[in-house]
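Overview (structure and organization)
The chain contents come next:
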Amino acid sequence: MTPDPINRPEPLASLRAAFDAYEAALLRHDLAALDRHFHHSPDTVRYGVAELGYGIDAIRRYRTTALPVHPGRQLRNLVIQTFGEDFGSAACEFIAPDTTLIGRQTQTWVRIDGAWRIVAAHVSLLDPAGLHEGGSAALD
């Protein structure tokens, strides 16, 4: 019997370390470090709150104009999963003192040449007033 490939300790720990390093770079507004976390490909995608980034060049251009995130940004409900040794995802909510909106972030990570890289990401904001009891938003 082969061991379950989901959330094996080594890939999970190494992806968590990569995620934490990305978050630290985001809080420092370290553009070079943020760039290193993305796969350098024209097929990498980042959908942000105010932009559609198709390819690493578009993602880089956006980063040079983006304001830093609030240093008081806090993550909650973080879920990191790995599937096998080289594929994983991260999803979380974030809040910051400068807004009442709830941020949501998802990332797809692939280990390429021994390093975890983001190949797809999505960031969005949600008005908590639109949430129904139980935490789900209305779909009208």
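Refer to the structure printed above.
The notes below deal with the structure included here. Not measured: the values here are computed from a predicted model.

Another point: the overall build of the protein. For the protein, the helix and strand inventory stands at three helices and six strands. Along the protein, helices and strands appear, N-terminal first, in the series α-α-β-β-α-β-β-β-β. Scaling as 2.2 N^0.38, a compact globule of 140 residues should have a C-alpha radius of gyration of about 14 Å, and the protein matches this with 16 Å. Projected onto its principal axes, the C-alpha coordinates of the protein cover approximately 50 × 40 × 30 Å. Relative to its 140 residues, the protein shows a buried fraction of 34%. Intrachain contacts of the protein at a sequence separation of at least 6 include 49% that bridge at least 24 residues. As presented, the protein carries roughly 8300 Å² of accessible surface, and 58% of it is formed by carbon and sulfur atoms. Taken as two groups, the 13 positive and 17 negative side-chain charges of the protein have centres that lie 5 Å from each other.

Core analysis: the biggest nonpolar cluster contains 18 residues, and Phe19, Tyr22, Phe38, Trp109 and Ile118 have the highest contact counts within it. Elements that contribute at least two residues to this core include exactly helix H1 (9–28), helix H2 (31–37), helix H3 (56–65), strand E4 (87–95) and strand E6 (115–126). Here the element with the most residues in this core is H1; it accounts for six residues. Excluding residues that lie within four positions of it along the chain, Tyr22 makes contacts with Leu34, His37, Phe38, Arg63, Gln107, Trp109 and Ile118.

Okay, a nonpolar patch on the surface next. Taken together, Ile6, Phe83 and Phe87 make up a surface patch of nonpolar side chains, about 260 Å² in accessible area. Within the secondary structure, Phe83 sits in the loop between strand E3 (74–82) and E4.

The subject of this paragraph is H3. Taken as a whole, H3 has its buried residues at Ile56, Ala58, Ile59 and Arg63. Axial view of H3: buried residues confined to an arc of 160°, hence all on one face. What points out from H3, more than 90 degrees from its buried face, is the exposed set Arg61, Thr64 and Thr65. For H3, the elements touching its buried residues are H1, H2, strand E1 (45–47) and strand E2 (52–54).

Time to look at H1. Between the first and last C-alpha of H1 there are 28 Å, a value that for 20 residues agrees with the 28 Å anticipated at 1.5 Å per step. Among the residues of H1, Pro11, Leu15, Ala18, Phe19, Tyr22, Glu23, Ala25 and Leu26 are the ones counted as buried. Down the axis of H1, the sector holding all buried residues measures 160°, keeping them to one side. Opposite its buried face, H1 presents the exposed residues Pro9 and Arg28, each directed more than 90 degrees away. Buried residues belonging to H1 abut H2, H3, E3, E4, strand E5 (102–112) and E6. The positive-phi residue at the C-terminal boundary of H1 is His29, with phi of around 60°.

Thresholds, definitions, all that
- Residues numbered from 1 in each chain as written.
- Predicted model: local features only at pLDDT ≥ 70, side-chain atom pairs only at ≥ 80, totals over all residues.
- Heavy atoms only, no water.
- Helix = DSSP H or I, 4+ residues; strand = E, 2+ residues; numbered from the N terminus.
- Rg over C-alpha atoms; globule rule 2.2 N^0.38 Å.
- Buried < 20%, exposed > 50% of the residue type's maximum accessible area, 1.4 Å probe, protein only.
- Contact = heavy atoms within 4.5 Å.
- Areas by Shrake-Rupley, 256 points an atom, 1.4 Å probe, with all protein chains shown as cover.
- Lys, Arg positive; Asp, Glu negative; His and termini not counted.
- Charge placed at Lys NZ, Arg CZ, Asp CG, Glu CD.
- Core = buried A, V, L, I, M, F, W, Y, C linked by side-chain atoms within 4.5 Å.
- Patch = residues over 30% accessible without salt bridge, like charges linked within 9 Å, V, L, I, M, F, W, Y side chains within 5 Å.
- Salt bridge = Lys/Arg side-chain N within 4 Å of Asp/Glu carboxyl O.
- Arc of directions from axis to C-beta.
- Expected span 1.5 Å × (residues − 1).

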